[in-house]
Amino acid sequence: MIVAIASGKGGTGKTTLSVNLAKMLAPNVQLLDCDVEAPNCHLFLEGEVHERIIVNRLVPHIDETRCNACGECARFCAFHAIAMLGTVPLVFPEMCHECGGCVKVCPVKAIKEKGQPIGVIEKRQSQGVPLVQGRLDIGVAMAPPLIRAVKACINKETTVIIDAPPGTSCPVLATVRDADFTVLVTEPTPFGLNDLALAVGMVRALGVPFGVVINRTGIGDARVHDYCRAQDIPILLEIPDDRRIAEAYSRGIAVIDAVPEMREHFLNLFNKIRQTI
Amino acid sequence: MKIAFTTSGNDLQAPLDSRFGRAPKFLIYDLDSSAFELIDNQQNLNAAQGAGIQSAETVAKSGAQAVVTGHCGPKAFRALNAAGITIYTSDAPSVAGALDLYRQGQLKKAETADVEGHW
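What you see is a predicted model, and the numbers here were worked out from it, not measured in a lab.

Conventions and cut-offs
Residues numbered from 1 in each chain as written. Chains lettered and ligands numbered in written order. Predicted model: local features only at pLDDT ≥ 70, side-chain atom pairs only at ≥ 80, totals over all residues. Heavy atoms only, no water. Helix = DSSP H or I, 4+ residues; strand = E, 2+ residues; numbered from the N terminus. Rg over C-alpha atoms; globule rule 2.2 N^0.38 Å. Buried < 20%, exposed > 50% of the residue type's maximum accessible area, 1.4 Å probe, protein only. Contact = heavy atoms within 4.5 Å. Lys, Arg positive; Asp, Glu negative; His and termini not counted. Charge placed at Lys NZ, Arg CZ, Asp CG, Glu CD. Salt bridge = Lys/Arg side-chain N within 4 Å of Asp/Glu carboxyl O. Polar contact = N/O pair within 3.5 Å; in protein donor to acceptor, adjacent residues only side chain to side chain.

Peer 1: How should the overall build of chain B be read in this particular structure?
Peer 2: Looking only at helices and strands, chain B features four helices and six strands. The helix and strand sequence of chain B, counted from the amino end, reads β-β-β-α-α-β-α-β-α-β. Its C-alpha atoms give chain B a radius of gyration of 12 Å, within 12% of the compact-globule value 14 Å for 119 residues. Projected onto the principal axes, the alpha-carbon positions of chain B cover approximately 35 × 25 × 25 Å. For chain B, buried positions account for 51% of its 119 residues. Restricting the contact set of chain B to residue pairs at least 6 apart, pairs at least 24 apart contribute 53%. Of the charged side chains in chain B, 10 are positive and 12 negative, and the gap between their average positions amounts to 5 Å.

Peer 1: In this structure, what is going on with the pattern of salt bridges? I would like to understand it.
Peer 2: Side-chain pairs of opposite charge can arise where the charged atoms are in close proximity. Residue and element names in this part refer to chain A. Counted according to the given criterion, the structure contains 16 salt bridges over all chains. Lysine 9 is the partner of glutamate 187 in a salt bridge, and the nearest nitrogen-oxygen pair spans 3.7 Å. Linking glutamate 187 in the loop between strand 9 (181-186) and helix 6 (190-206) with lysine 9 in the loop between strand 1 (2-6) and helix 1 (14-25), this pair joins segments that are 178 residues apart in sequence. Grouping residues by exposure puts glutamate 187 and lysine 9 together as buried. For arginine 229, the salt bridge is made with aspartate 226, and the minimal N-O distance between the two is 3.4 Å. Here aspartate 226 and arginine 229 lie together in helix 7 (residues 223-231), a separation of three residues that amounts to about one turn. Residue arginine 229 is classed as exposed on the basis of its relative accessible area, which comes to 62%. On the basis of relative accessible area, aspartate 226 is assigned to the partly exposed category, the value being 39%.

Peer 1: Any chance you could explain the environment of Thr15(A) here in plain terms?
Peer 2: Residue and element names in this part refer to chain A. Mapped onto the secondary structure, threonine 15 falls in helix 1. Here the alpha-carbon distance between threonine 15 and aspartate 33, two residues 18 residues apart in the chain, equals 8.6 Å. Apart from the residues lying within four places of it in its own chain, the contact partners of threonine 15 are Asn40, Cys41, Phe44 and Asp163. Among the polar contacts made by the side chain of threonine 15, one reaches the side chain of aspartate 163 at a distance of 2.7 Å.

Right, here's the structure in full:
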């Protein structure tokens, strides 16, 4: 069972929820940190990296001795990763989406794909929680290939909790796609509501079952609750705006350890998810 | 020889646009005939990414051998260079002003991109 923890707005509590669910389910769990631009699950888990895998992505490389400058590759590329200017095609690897189309359309077989490193996968083992974390190299703009590589480490035999990147763009789609369930974490504020509605549009388009967790209940207003009721979206859990939770977070301590009564709430949440699937 | 100017307007009095990749239009001026044509670049103005590359392709197709603009990003610079197009940057207020500076030989060739992508 794969459960993705996502949110339209950043800073609503994705990592808090992911880490606490994983700790509660240990050792029958695997935690994936797919927020590869700013992975942070490890801050709440002990244990050193025991395996590091460099992830490459395939980009075109043109053999200039074979190329006849016909320009087919540049015409084919929808992302303008190849431009036909001058006597040989010019490759912009940062624009490439790895479709491999240029290799196929080249009539003289002058294009080969070559690996270009984009980041690393780091594996840790922390008190029964195996963590697989992607870390994008600085300056690399395209996260989805690394996210797909992190997801290729999924252990299908157990419950998988995925900490997703914030937002509703390509990295989030790459993360949430083919999850069995997605939890959308939000806060009861106008910003929280605006970005929740965007995230709801995304998971509905993907056809992934989902529910909402409202974090820091007690601040803001009731509009997130009204929205969920009107849209018939289940509110799976409300986490109170509790100073003890904030203090535990700031010290890298899990909520279920710092505020014991929260363990039962997280367990209820997980049971609701399991019943839905 | 033809020169491409970035602009938002329709004639020589129009302002010189400071952006290359996301310039609304290119005014292609023919030094030999003193005539000009306009090429719309609206599509690239709204492109998520790669605007500089596509704009460079557009300018190359127009037959221009030089570009006069405000700033040029890294991808556009590489693409224009590969096409053998010389890049001049200028803060002249109008296309006509930039053209005068070009004729007087007072425009400086850009040796590198002078802004980051998406500036």
